[in-house]
Amino acid sequence: MGINISHGSDQWGQERLSYTSHANLGKQLAHVLNSKDWREIKGLFSGRLPDDLLISPERAGRIAIVFARAAGHPKMPADWSETVRRWSVAGSRASAAGEPWSWS
């Protein structure tokens with residue numbers, strides 16, 4: 001069990017992360033992002049998400065930008081950076097396609 005994000009890079013078009021890893025990633029993101037960027041995404045890391053969260057294409061694009069900033073931050077560990085980079089790409093794909101970005 002964990003988080004599945006649409007528009008991802010695996011063979012099913014998803015990105016996956018366990019609930020524990022998701023919570024730990026949220027802590028790391030809070031550490032490297034400025035307060036404005038953190039406010040944009042903190043709801044995605046504030047506890048258990050709804051069973052099917054649909055993020056508008058416009059918001060997916062904004063979140064993708066925040067994730068890209070976090071992935072490139074010098075204090076972001078390499079393993080987390082790669083995960084966040086893939087999530088940024090997924091959000092960009094959803095936004096470019098004009099499709100909701102699904103988190104479940």
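See the structure shown above.
Position labels on residues start from 1 in each chain and follow its written sequence. In view of the model being predicted, local features appear only for residues whose pLDDT reaches at least 70, and side-chain atom pairs are presented and counted only at 80 or more, with totals across whole chains, interfaces and linings using the full set of residues. Side-chain measures were taken over the full set of non-hydrogen atoms in the model, leaving aside hydrogen atoms and water.

## Brief notes about the packing of helix 1 (residues 19-32) against helix 4 (residues 78-97)
Each axis is a line fitted through C-alpha atoms, and for a helix only the stretch in contact is used; angles between axes span 0 to 180 degrees, taken between their N-to-C directions. Helical segments are the DSSP runs of H or I of at least four residues, strand segments are the runs of E of at least two, and each set is numbered from the N terminus. Direction vectors running N to C along helix 1 and helix 4 enclose 95°, while the axes themselves pass 11 Å from each other. One finds that helix 1 runs roughly perpendicular with respect to helix 4. Of helix 4, the residues touching helix 1 (which contributes S21, H22, N24, L25, Q28 and L29) are W80, T83, V84 and W87. Charged residues are taken to be Asp, Glu, Lys and Arg, nonpolar residues to be Ala, Val, Leu, Ile, Met, Phe, Trp, Tyr, Cys and Pro, and polar residues to be all remaining types, Gly included. Tallied by class, residues from the contact of helix 1 with helix 4 come to five nonpolar, five polar and no charged. Note on angle classes: values under 35 degrees are labelled roughly parallel, values over 145 roughly antiparallel, values of 65 to 115 roughly perpendicular, and the remainder oblique. What makes two residues a contact is simply this: any of their non-hydrogen atoms within 4.5 Å.

## Re helix 1
The length a helix should cover is 1.5 Å for every residue beyond the first. With 14 residues, helix 1 extends 20 Å from end C-alpha to end C-alpha; this agrees with the ideal 20 Å at 1.5 Å per step. Those residues of helix 1 that are buried lie in contact with strand 1 (2-6), strand 2 (14-18), helix 2 (35-41), helix 3 (57-71), helix 4 and strand 4 (101-103).

## Here's the deal with the nonpolar core
By nonpolar core is meant a set of buried Ala, Val, Leu, Ile, Met, Phe, Trp, Tyr and Cys residues that side-chain atoms within 4.5 Å join together. Note on exposure labels: buried denotes an accessible area under 20% of the residue type's maximum, exposed denotes more than 50%, and partly exposed covers the range between, all computed with a 1.4 Å probe on protein chains only. Among the nonpolar cores identified, the biggest contains 26 residues, and L29, I41, F67, W101 and W103 are the most heavily contacted of them. Elements that contribute at least two residues to this core include exactly strand 1, helix 1, helix 3, helix 4 and strand 4.

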